[in-house]
Amino acid sequence: MDTDFNWAFGVHTIGANLSLYNYDLSTGKEPSRRPKESLGLRYGHVLNDQHSFGADLRYQGKRFEEQNSIEKTLDPYQVIDLSYTFTKDDLKLMGDIKN
């Protein structure tokens, strides 16, 4: 199941996406490195005609990995990214800080 939500009000934008998977494979094993759940949250703000910024938070649930017939569990993780955009006439500069 995948669901996505985006909402804009004034100078603010908010978004979210949720993915839930129930893998049904003939082998009975879960696919390697694919989480059963993931969540993303987004926020954007336009300060004025020239400046805007945003933030993204992503969560990935635990995953399984198999190498050389050895199976191990990979821990869940979160990532936070920040972005900034400057716009002037025909010029647009973008910068990101990625976790």
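In this text the structure is predicted, and so the values were computed from the model without any measurement. (Residues numbered from 1 in each chain as written. Predicted model: local features only at pLDDT ≥ 70, side-chain atom pairs only at ≥ 80, totals over all residues. Heavy atoms only, no water.)

Some remarks on the sheet that holds strand E8 (residues 91–98)
Remark on secondary structure: sheet strands pair via backbone hydrogen bonds, oriented parallel or antiparallel.
In step 1: Strand order in this open sheet of six strands is E1-E2-E3-E4-E7-E8, and the pairing throughout is antiparallel. Of all strands in the sheet, those with a lone pairing partner are strand E1 (2–9) and E8, marking the two edges. Each strand of the sheet is rotated relative to its neighbour by a mean of 10°, with strand direction disregarded.
In step 2: Across eight bridges, E1 lies against strand E2 (residues 12–20) in antiparallel orientation. Its bridge partner being in E2, phenylalanine 5 is matched across the sheet by alanine 16. (Pairing = 2+ DSSP bridges. Helix = DSSP H or I, 4+ residues; strand = E, 2+ residues; numbered from the N terminus. Axes fitted to C-alpha atoms, helices over the stretch in contact; angles between N-to-C directions.)

Quick word on a nonpolar patch on the surface
In step 1: A cluster of nonpolar side chains, namely Phe5, Trp7, Phe9, Ile14, Tyr43, Leu47, Phe53 and Tyr84, defines an oily patch on the protein surface of about 740 Å² accessible area.
In step 2: Top contributing element to the nonpolar patch by residue count: E1, with three residues.
In step 3: Inspection of the secondary structure assignment puts phenylalanine 9 in strand E1. (Patch = residues over 30% accessible without salt bridge, like charges linked within 9 Å, V, L, I, M, F, W, Y side chains within 5 Å. Areas by Shrake-Rupley, 256 points an atom, 1.4 Å probe, with all protein chains shown as cover. Salt bridge = Lys/Arg side-chain N within 4 Å of Asp/Glu carboxyl O.)

Considering the packing of aromatic side chains
In step 1: Evaluated as defined, the whole model comprises two aromatic pairs.
In step 2: When the centroid spacing of 4.6 Å and the interplanar angle of 35° are considered together, the rings of tryptophan 7 and phenylalanine 9 count as tilted.
In step 3: On the basis of relative accessibility, which here comes to 32%, the residue phenylalanine 9 falls in the partly exposed class.
In step 4: Ring geometry for tyrosine 43 against phenylalanine 53: centres 6.4 Å apart, planes inclined by 55°, an arrangement best described as tilted. Of the two residues, tyrosine 43 is situated in strand E3 (residues 37–46) and phenylalanine 53 in strand E4 (residues 51–60); the sequence distance between them amounts to 10 residues. (Phe/Tyr/Trp six-rings, centres within 6.5 Å; stacked < 30°, edge-to-face > 60°. Buried < 20%, exposed > 50% of the residue type's maximum accessible area, 1.4 Å probe, protein only.)

Concerning the pattern of salt bridges
In step 1: Within this structure, the stated rule accounts for three salt bridges.
In step 2: Between aspartate 81 and arginine 58 there is a salt bridge, with its nearest N and O atoms 3.0 Å apart. Residue aspartate 81 is located in strand E7 (residues 77–88), and its partner arginine 58 is located in strand E4; the two are separated by 23 residues in the primary sequence.
In step 3: Judged by its relative accessible area of 7%, aspartate 81 is buried.
In step 4: According to the relative accessible area criterion, arginine 58 is partly exposed, its value standing at 37%.
In step 5: The partner of glutamate 65 in a salt bridge is lysine 72, and the shortest N-O contact between them spans 3.7 Å.

Quick look at the pairing of E8
Every other side chain in a regular strand lies on the same face of the sheet, so the side chains alternate between the two faces.
In step 1: Across the eight residues that make up E8, only a small minority, zero, are buried.
In step 2: The sheet contact formed by E7 and E8 spans eight bridges and is antiparallel. Paired with aspartate 81 across the strands is lysine 98, a residue of E8.
In step 3: Between E7 and E8, which pair antiparallel in sequence order, lie two residues; one of them, aspartate 89, sits at a positive phi of approximately 55°.

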